[in-house]
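# Notes for the structure review
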Amino acid sequence: MVTMIRKTIKSFVGRLFTAPVNKGPQRLTRDVHGIDRRLVSRHAIKVCEVLSQHGYDAYIVGGAVRDLIAGLKPTDFDVATNATPEQIRPLFRRARIIGRRFQLVHVVFGREIIETSTFRASSTNGEFTDEHGRILRDNLFGSQEEDAARRDFTLNALYYDPLNEVVIDYHNGVADLKNRVVRMIGDPDVRYREDPIRMLRAMRFAAKLDATIEPATLAPISKLAPLVDNVPSSRRFDELLKLLTCGQAMECLRGLREAGLHQSVLPLLDKVFATEGGERFLELALERTDVRVRTGKSVSPSFLFASLLWVLVRDRSQHYVERGEHPNQALVIAADDIISQQSRAMPIQRRFVADMRDIWFMQPRFERATPRATWRLVEQPRFRAAVDFLQLRAEAREVDSVHAQWWMDLADGDRDTRAEMIDAMQPRKSGTQPGRRRRRRRPRRRSDTDTDTDTDTDTGTQETSSPQGSTTSSAPASSAANSGKRGGPRRKGSNE
Ligand code: ATP
Ligand code: MG
């Protein structure tokens, strides 16, 4: 009963905080918000135009407005309107109503979907929440003002009218955005309890926008962090993926750890940081991810998770080898161990796990490949990703970079090039085992003079440790050099 009363008071106070009733929203013109209309999706503009022609209010909302003002490229465009889904749908040729509890409309233009939703009211009266205050039902239509109050941070509660180029701002979000401050709308304690995922979102926006989290918004997080466990794991997974692909992944992970939020999504992060070279490996992997995100390339979740957990799998595998396990088997058991530890906190989808295993299990195979085995490897569906991963390991100085580059060239090559490269792997002296040749000094190659190499090729270092602790054979690299297949500047791999 007491909790109930406390909850009601809290939610009342929360509403007071958001009280824009007397003030009314600010209407900011182009010279203040600075949005360049040419960067706005023409389809989103079209949706607003059509709705407006039919007498409704319609605005571009949320992340797109935030990113446009911040000078970033929006990931997608959403529209909010006072028209109901039934009113919206007939106005467009290709539009479908989706969602059961809270319906919204997907307006489809070729490959772009404009998610169009009706202004929504909050239902924080304690009636539809769990014992911690988490909202379980939230499906009421409302006014624009209510819709704004329901959003999480002030910088996410902006409404852009592309026809008049005006931004409607109920919560001083443009100022916060320009000052790079992440500020919760309402009472942060209540709002995090309503939806604990907002704590992860706070970290993401702070990292992505190079912003600070306003003290009152930050304060409750460390206390409430365990509530994230109550959020369905699929949602946590999606949010973690967003964190990792926001363009500032390492920053996000550091923020999560500081706040203790990683426990609900990636508890093994502590172990990774405690592992020698673990933090560096993460930095390298996430830098690559950030570059891909910034250049508009796709990022594969399997590759990301394979990278995040790799140093643990690698060391665990080594541990089994030391106990007498066969290296291949050791890697399999190690992968099982680590994945099951991760799954206890937050399972990774099965299909991603399958790909992660493929990427990991191919690593030792690169080191011992005979010509026949190489052809088999090339045909593996995750070959390309595994080669990218090998390149990442080379960057982390775990494997020889010339060796990794040989595989990259092979992955990039057409069938003839591949055949030539693999042919050149054949032992020249009878009696030498393919793929197991003695290490010898690498002949000097023209590419050694390349200036953009970022690894240890110039020193010819062969420092290598496979998960099994075996030594990398330099055979493929030497063969490539002999066959004259290399020469251009070293290319960074993609991890599609
Ligand atoms: P991005 O699309 O870059 O991930 P976003 O802010 O657009 O960021 P979405 O999940 O697309 O995130 O949500 C769109 C908008 O919906 C947000 O800007 C915010 O206004 C609102 N919103 C999203 N999630 C929440 C939440 N958990 N609580 C309150 N409002 C939310
Ligand atoms: Mg969005």
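A few words on the overall build of the protein chain. Helix and strand content of the protein chain: 23 helices and 12 strands. Counting across all 496 residues of the protein chain, residues that qualify as buried make up 43%. In the protein chain, once contacts between residues fewer than 6 apart in sequence are set aside, the share between residues at least 24 apart is 70%.

Turning our eyes to something else, we now look at the site of ligand 1. Neighbouring ligand 1 are 13 residues, the closest being Gly62, Gly63, Arg151, Asp152 and Asn156. When grouped by side-chain class, the residues that make up the shell around ligand 1 number 2 nonpolar, 4 polar and 7 charged. Structurally, the shell around ligand 1 is a two-domain feature, drawing no fewer than three residues from each of domain 1 (2-195) and domain 2 (196-261).

The 8 strands lie next to each other as 1-10-9-2-3-6-5-4, forming an open sheet whose pairing is mixed. Of all strands in the sheet, those bounded by a partner on one side alone are strand 1 (26-28) and strand 4 (95-98). Sheet twist, expressed as the mean angle between neighbouring strand axes with direction ignored, is 30°. In terms of strand pairing, strand 1 meets strand 10 (residues 166-169) through 3 bridges, oriented antiparallel. Its bridge partner lying in strand 10, arginine 27 is registered against isoleucine 168. Helix 3 (residues 42-53) contacts strand 2 (58-61), strand 3 (78-81), strand 5 (104-109) and strand 6 (112-118) of the sheet and is inclined by roughly 155° relative to strand 2.

What follows deals with the nonpolar core. In summary, soluble globular proteins display a tendency toward joint burial of nonpolar side chains. Formed by 119 residues in total, the largest nonpolar core has its most connected members in Tyr59, Ile60 and Val79. Considering every element that reaches this core, the biggest residue donor is helix 16 (residues 301-322), with 12 residues.

For any two helices packed against each other, one specifies the crossing angle of their axes together with the interaxial distance. For the pair helix 9 (residues 197-208) and helix 12 (residues 233-244), interaxial distance at closest approach is 10 Å and the crossing angle is 5°. Considering the angle they form, helix 9 stands roughly parallel to helix 12. Contacts from Ile197, Leu200, Met203 and Arg204 of helix 9 reach helix 12 at Arg235, Glu239, Lys242 and Leu243. Here the residues of the contact of helix 9 with helix 12 are counted per class, giving 4 nonpolar, no polar and 4 charged.

Another point: helix 17 (residues 327-345). Because the α-helix completes a turn every 3.6 residues, residues three or four places apart line up on one side. For helix 17, built from 19 residues, the straight-helix expectation of 27 Å at 1.5 Å per residue is met to within 8% by its first-to-last C-alpha distance of 28 Å. Turning to helix 17, its buried residues number three or more, namely Ala330, Leu331, Ala334, Ala335, Ile338 and Gln342. Looking straight down helix 17, one finds that the buried residues subtend no more than 130° of arc, so they occupy a single side. In this structure, helix 17 carries Gln329, Ser340, Ser343 and Arg344 as exposed residues pointing more than 90 degrees from its buried face. In the core, the buried residues of helix 17 are packed alongside helix 16 and helix 18 (350-368).

One ladder, built from 4 bridges, connects strand 4 with strand 5; its direction is antiparallel. From the neighbouring strand, arginine 96 faces strand 5, where its bridge partner is histidine 106.

With that settled, consider helix 12. Over its 12 residues, helix 12 extends 16 Å from the first C-alpha to the last, a length consistent with the 16 Å expected when each residue adds 1.5 Å. Those residues of helix 12 that sit buried are Arg236, Glu239, Leu240, Leu243 and Leu244. Down the axis of helix 12, the smallest arc covering the buried residues is 140°, so these residues share one side. Away from its buried face by more than 90 degrees, helix 12 exposes Ser234 and Asp238. For helix 12, the secondary structure elements touched by its buried residues are helix 9, helix 13 (249-259), helix 15 (278-294) and helix 16.

Here is what the cut-offs are and how they apply
Residues numbered from 1 in each chain as written. Chains lettered and ligands numbered in written order. Predicted model: local features only at pLDDT ≥ 70, side-chain atom pairs only at ≥ 80, totals over all residues. Helix = DSSP H or I, 4+ residues; strand = E, 2+ residues; numbered from the N terminus. Buried ≥ 20, exposed ≤ 12 C-beta atoms within 10 Å, placed from the backbone. Contact = placed C-beta atoms within 7 Å. Near = placed C-beta within 6 Å. Nonpolar A, V, L, I, M, F, W, Y, C, P; charged D, E, K, R; others polar. Domains from an automatic or database assignment. Pairing = 2+ DSSP bridges. Axes fitted to C-alpha atoms, helices over the stretch in contact; angles between N-to-C directions. Core = buried A, V, L, I, M, F, W, Y, C linked by C-beta atoms within 7 Å. Parallel < 35°, antiparallel > 145°, perpendicular 65-115°, else oblique. Expected span 1.5 Å × (residues − 1). Arc of directions from axis to C-beta.

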